[in-house]
Amino acid sequence: MIVLFTDFGAHDIYLAQVKAVLVQQAPRGTSIQDLLHTAPSFNARAGAHLLAALQAWFPAGSVFMAVVDPGVGGARDAIVLEADEKTYVGPDNGLLSVVAARAGRAHTWRILWRAQDQSASFHGRDVFAPIAASIAAGNLAKERLEHTPALSVRFGADDLAEIIYVDHYGNALTGLRAGRVPLTAKVEVAGRRLDYARVFSEASSGSAFWYENSVRLVEIAVNGASAAQLMELRVGDSVAVVP
Amino acid sequence: MIVLFTDFGAHDIYLAQVKAVLVQQAPRGTSIQDLLHTAPSFNARAGAHLLAALQAWFPAGSVFMAVVDPGVGGARDAIVLEADEKTYVGPDNGLLSVVAARAGRAHTWRILWRAQDQSASFHGRDVFAPIAASIAAGNLAKERLEHTPALSVRFGADDLAEIIYVDHYGNALTGLRAGRVPLTAKVEVAGRRLDYARVFSEASSGSAFWYENSVRLVEIAVNGASAAQLMELRVGDSVAVVP
Amino acid sequence: MIVLFTDFGAHDIYLAQVKAVLVQQAPRGTSIQDLLHTAPSFNARAGAHLLAALQAWFPAGSVFMAVVDPGVGGARDAIVLEADEKTYVGPDNGLLSVVAARAGRAHTWRILWRAQDQSASFHGRDVFAPIAASIAAGNLAKERLEHTPALSVRFGADDLAEIIYVDHYGNALTGLRAGRVPLTAKVEVAGRRLDYARVFSEASSGSAFWYENSVRLVEIAVNGASAAQLMELRVGDSVAVVP
């Protein structure tokens, strides 16, 4: 399975060009999944924490192509990361670094290979997709990579006490793993202290709460309304756990 | 073919998690189709009428996973419906009830099975997708279901004289089946009485009309513009047929 | 590979109906790619130039179903175009005419076939998809087509000095092929004269520039912001090359 996590837009002209490469170069029948194409374009840190939470729901052997890459065409490296039986391809701008830091076992390589005639601005199509397809096919030539002891940009393994994503319901995901927050704690955001609720239907209608969401992060929500709209939340806003 | 009809959002983090389950558990090569992921989140009745119209365009043997489920994690049951050679999986909140009521032959079951570690808020991934995959594979264990004589929430077989969906062109679909409305009738909506036109290019530019749309519902449209914007139409607005 | 280029909307009720036809009628395992579903609905000329640039990134043998079709149900013909080892199916309203005019070798046919019970408004599902599937399967019956020496609506092979698409980053693609514009030239748009930059990270932050984009068109962009928003650009706006 090849899993795409990008800021290419879900309904734009870029994805099909990437997929045409994958379909032609990956093994016949490889499943290609659109995990997210609206990752925040200029916030590799939020994307890194979101990817770290989401990857758990995909099977061992998955190949992730993760591209949020405002520095494309500049000096940043392109990398391959192997972490706990999954492989990741993307820019060395921190986006893969939370997965790497939390993995039991991680190896990293710089991509040396350059495509003939590769565009300056679309390495998703011209570099990352061919590499991801080769990995899925099990035929990535060794000389296309160079082992590197560590990523250049590293955000570390710690949780991020910020909003990292707002979903289309208006729920605000944080970079806090819920298993580390006691259910008796309050979560402070936008000047308010929110109590825990197990599920939407257990919160009173219209009131804000926090809960452990389906990818095991602390999430800010309102029963029957958009938390992001009501509290004017956006990616990058700070949150705090108050015992 | 597995057909997805949800309010999960077309470009959010939820769909790929559902599809990862389906790809792993359904028979290799099963086609997975995104019918709609922007069904109105809090209007199971509109969704039920829309699904009843749309399902006709998918082949016998299709398995529909239909999830508009604000009560997830609460007391509502999860159900399987067999209706006229197609199967439907979803919450027992009325969403499947119009299909059931209009079917020549329908059988319903409550889903007893619970996944280990299932999330409180994402039964699409943790309950409905594994059940849909098992049905597509023809290996759903009998003990996971319990036959039930009827759904708990039933909207009935009758047409719904309301707007049930507004498409991206701004056309407003109603819950009225066009075969039951004479072409000489007018359709009243937002204080206006609209005449029939066969097709957009037969209506004068900028004028509102009703027509039999491609899924055989009465639809309100304007040639060359957004009917929803011009007449401020939204899901739930009443319509009336005037002879 | 079947490639879809339409204005059906990326998250609406139409695409899955088209794909259900393709999945049932095209050869098992045929890849179906969503190239674009937000093509401008009332601008076949812009769509024609965009399609002509994008098709180059798909392999020989691809079958394109291209539908921007405000005249559906009226008098316009439906056509099949073979151009340089790729095939295109769509309305005869100019949308395929730039591909045809630029091809080394092109042949065109009118589609005579009509589906039983075909809808007046959704030829994508009822006409173009079955024809595209037959072409992909290599079994399109000759009597369904009639050779025609030329398309009815022809926009010609020349470049179009207009904005033809605004992507989700706010970058504005023009109908100018970059290979024909010297890097020393300025591009004039919205009353401003823009210099060339090779890549975003080589333009100063917040400043507008033009560059050769990844499909080899002249594109207007701003490093770190939306060019379309900052300069109020939209599809159809004129651009000029100033030596």
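Residues numbered from 1 in each chain as written. Chains lettered and ligands numbered in written order. Predicted model: local features only at pLDDT ≥ 70, side-chain atom pairs only at ≥ 80, totals over all residues. Heavy atoms only, no water.

## Overview of empty space enclosed by the protein
Residue and element names in this part refer to chain C. Condition: Only protein atoms enter the 1 Å grid, on which a cavity is a set of points fitting a 1.4 Å probe that cannot get out and a pocket is an open set with protein on both sides within 12 Å along at least 5 of 7 lines, lining residues being those with an atom within 4 Å of a point. Grid points are joined across faces, edges and corners, and a volume is the space filled by probe spheres set on the points. Strands are runs of DSSP state E lasting at least two residues, helices are runs of H or I lasting at least four, and both sets are numbered from the N terminus onward. Any residue outside Ala, Val, Leu, Ile, Met, Phe, Trp, Tyr, Cys, Pro, Asp, Glu, Lys and Arg is labelled polar, Gly included; the first ten of those are nonpolar and the last four are charged.
Scanning the entire structure with this criterion turns up 1 cavity of 30 Å³ or more. Its boundaries defined by the atoms lining it, the largest cavity holds a volume of some 30 Å³. What lines the largest cavity is simply His-49, Ala-53, Arg-102, Ile-164, Thr-174, Gly-175, Arg-177 and Leu-217. Residue assignment for the lining of the largest cavity shows that the elements contributing at least two residues are α2 (44-54) and β9 (172-177). Among the elements that line the lining of the largest cavity, the one with the most residues is β9, at 3 residues. Classifying every residue of the lining of the largest cavity gives 3 nonpolar, 3 polar and 2 charged.

## A short note on the packing of helix α1 (residues 15-25) of chain C against helix α4 (residues 123-137) of chain C
Residues and elements named next belong to chain C. Test applied: Note on geometry: axes are lines fitted to C-alpha atoms, helical ones only across the stretch in contact, with angles between N-to-C directions running from 0 to 180 degrees. Note on angle classes: values under 35 degrees are labelled roughly parallel, values over 145 roughly antiparallel, values of 65 to 115 roughly perpendicular, and the remainder oblique. Working rule for handedness: look at the near helix, and if it is turned counterclockwise from the far one by less than a right angle, call the crossing left-handed; if clockwise, right-handed. Residues count as neighbours in contact if any of their non-hydrogen atoms are within 4.5 Å of one another.
Where α1 meets α4, the closest approach of the two axes is 9 Å, and the angle between their N-to-C directions is 30°. Compared by their axis directions, α1 and α4 come out roughly parallel. The chirality of how α1 crosses α4 is right-handed. Contact with α1, carried on its side by Gln-17, Val-18, Val-21, Leu-22 and Gln-25, involves Gly-124, Arg-125, Ala-129, Pro-130, Ala-132, Ala-133 and Ala-137 of α4 and no other residues of that element. Taken together, the residues that form the contact of α1 with α4 break down as 8 nonpolar, 3 polar and 1 charged.

## Side note on the interface of chain C and chain B
What counts is decided by this rule: Two parts placed together each lose some accessible area; with a 1.4 Å probe, that loss summed over both constitutes the buried area. The working definition used for a salt bridge is a side-chain nitrogen of Lys or Arg within 4 Å of a carboxyl oxygen of Asp or Glu. Nitrogen and oxygen atoms within 3.5 Å of one another constitute a polar contact, given that in protein one can donate a hydrogen and the other can accept it, and given that sequence-neighbouring residues count only through two side-chain atoms.
In this assembly, 26 residues from chain C lie in contact with 30 residues from chain B. Together chain C and chain B conceal approximately 2100 Å² of surface at their shared face, both sides included; 58% is due to carbon and sulfur atoms. Summed over the shared surface of chain C and chain B, the number is 0 salt bridges. Taken together, chain C and chain B are joined by 8 residue pairs in polar contact (both at pLDDT 80 or more). A per-element tally of the side of chain C that touches chain B places α1(C) first, with 6 residues. Looking at the side of chain C that touches chain B, its residues break down into 10 nonpolar, 10 polar and 6 charged.

## A closer look at the relation of the copies chain B and chain A
The two chain copies are connected by a rotation around an axis plus a translation along it. Our working definition: Here the copies were fitted onto each other by least squares, based on C-alpha atoms from residues at pLDDT of at least 70 in both.
Once turned by 120° and shifted 0.0 Å along the axis, chain B lies on chain A with an RMSD of 0.0 Å. Taken together, the turn and the small shift mark the pair as related by a three-fold rotation axis. Proximity to the rotation axis, assessed at the C-alpha, singles out B:Gly29 in chain B; its C-alpha lies 4.3 Å from the axis. Little of the interface of chain B is mirrored in chain A, where only 8% of its interface residues again form contacts.

## Some words on α4(C)
Residues and elements named next belong to chain C. For clarity, the threshold we go by: Under the convention used throughout, the expected extent of a helix is 1.5 Å for every residue step, that is, one less than its residue count. The bend reported for a residue corresponds to the angle between axes fitted to the seven residues ending at that residue and the seven starting there. Type-normalised accessible area, obtained with a 1.4 Å probe on protein chains alone, sets the label of each residue: buried when under 20%, exposed when over 50%, and partly exposed for intermediate values.
Compared with the 21 Å implied by 1.5 Å per residue over 15 residues, the 20 Å span of α4 between its first and last C-alpha is a close match. Of all bends in α4, the biggest is about 35°, found at Ala-129, and the proline Pro-130 comes one to four residues later. With respect to burial, α4 is a largely interior element, 13 of its 15 residues being buried. Taken from the residues just after α4, Gly-138 is the one with a positive phi, measuring 70°.

## Digging into the relation of the copies chain C and chain B
Note on the identical chains: chain C maps onto chain B by a rotation of 120° and an axial translation of 0.0 Å, with an RMSD of 0.0 Å. When the interface residues of chain C are mapped onto chain B, a mere 8% of them are again interface residues, pointing to distinct binding faces.

## A closer look at the confidence of the model for chain A
When pLDDT is low, close inspection of the predicted coordinates is not appropriate. We apply this condition: Confidence of the predictor at the level of single residues is given by pLDDT, which spans 0 to 100.
Looking at chain A, pLDDT values average 94 and 100% of them are 70 or higher. Predicted complex, confidence summary: ipTM 0.93, pTM 0.94.

## A short note on the environment of B:Val67
Residues and elements named next belong to chain B. Position of Val-67 among the secondary structure elements: in strand β3 (residues 63-67). For Val-67, a relative accessible area of 2% corresponds to the buried category. Val-67 sits 82 residues away from Pro-149 along the chain, and the two C-alpha atoms are 21 Å apart. If we ignore the near neighbours within four places in the chain, the residues touching Val-67 are Phe-5, Thr-6, Asp-7, Phe-8, Pro-91, Leu-95 and Phe-128.

## Some remarks on the side chain of B:Arg76
All names here are of chain B. For Arg-76, the position within the fold is in the loop between β3 and β4 (78-83). Since its relative accessible area comes to 17%, Arg-76 is described here as buried. Here the side chain of Arg-76 touches Asp-69 through a polar contact of 2.7 Å, side chain to side chain. Within the structure, the side chain of Arg-76 is placed 3.2 Å from the side chain of His-123, a separation counted as a polar contact. Excluding residues that lie within four positions of it along the chain, Arg-76 makes contacts with Asp-69, Gly-71, Pro-91, Asp-92, His-123 and Phe-128.

## Some points on the sheet that holds strand β12 (residues 208-212) of chain C
Backbone-to-backbone hydrogen bonds pair the strands of a sheet. The strands run either parallel or antiparallel. Residue and element names in this part refer to chain C. Worth spelling out the cut-off: Pairing between two strands requires that DSSP report at least two bridges joining them.
Taken together, 4 strands build an open sheet; the order of strands is β8-β9-β13-β12 and the sheet is antiparallel. Edge strands, defined here as strands with exactly one partner in the open sheet, are β8 (160-166) and β12. Strand-to-strand twist across the sheet, computed as the mean angle between neighbouring axes with direction ignored, equals 30°. Strand direction decides the pairing type here: β12 and strand β13 (residues 217-222), joined by 5 bridges, are antiparallel. Within β13, the position partnered with Trp-210 by the bridge is Ile-220.

## Section: the sheet that holds strand β11 (residues 192-194) of chain C
Residues and elements named next belong to chain C. Pairing in this open sheet of 3 strands is antiparallel, and the strands run β11-β10-β14 from one edge to the other. Edge positions in the sheet fall to β11 and β14 (239-242), since each of these pairs with one other strand and no more. Taking the axes of each pair of neighbouring strands and ignoring which way they run, one obtains an average angle of 30° across the sheet.

## Notes on the layout of surface pockets
The volume enclosed by the second largest pocket comes to roughly 710 Å³. Lining the second largest pocket are 35 residues, and of these B:His168, B:Tyr169, B:Asn171, C:Asp7 and C:Ser41 sit closest to its centre. Grouping the constituent residues of the lining of the second largest pocket by class yields 16 nonpolar, 14 polar and 5 charged.

## As for the pairing of strand β9 (residues 172-177) of chain B
Residue and element names in this part refer to chain B. Here β9 lies mainly inside the structure; 5 of its 6 residues are buried. In this structure, strand β8 (residues 160-166) lies alongside β9, joined through 4 bridges in antiparallel fashion. Counted as the bridge partner of Val-166 is Ala-172 from β9. With antiparallel pairing between neighbouring strands as the criterion, β8 and β9 make up a hairpin whose turn holds 5 residues, including Gly-170 at a positive phi of roughly 90°. Looking at chain direction, β9 and strand β13 (residues 217-222) are connected through 3 bridges and run antiparallel. Its bridge partner being in β13, Leu-173 is matched across the sheet by Glu-219.

## Regarding the packing of aromatic side chains
Convention followed: We call Phe, Tyr and Trp rings a pair once their centres come within 6.5 Å, taking the six-membered ring for Trp, and we label the pair stacked below 30 degrees between planes, edge-to-face above 60, and tilted otherwise. Only Lys NZ and Arg CZ are tested; either one counts as a charge over a ring when it is within 6 Å of the ring centre and within 35 degrees of the ring normal.
Within the structure shown, the criterion is met by 27 aromatic pairs over all chains. Between A:Phe58 and A:Phe64 the ring centres are 5.9 Å apart and the planes differ by 85°, which places this aromatic pair in the edge-to-face class. For A:Phe64, a relative accessible area of 0% translates into the label buried. Taking the centre distance of 5.3 Å and the plane angle of 75° together, the rings of A:Phe200 and A:Tyr211 count as edge-to-face. Of this pair, A:Phe200 sits in the loop between β11 (192-194) and β12 (208-212) while A:Tyr211 is found in strand β12, placing the two residues 11 residues apart along the sequence. On the basis of relative accessible area, A:Phe200 is assigned to the buried category, the value being 15%. Geometry around A:Trp57 places B:Arg125 over its ring, the cationic atom sitting 3.6 Å from the centre.

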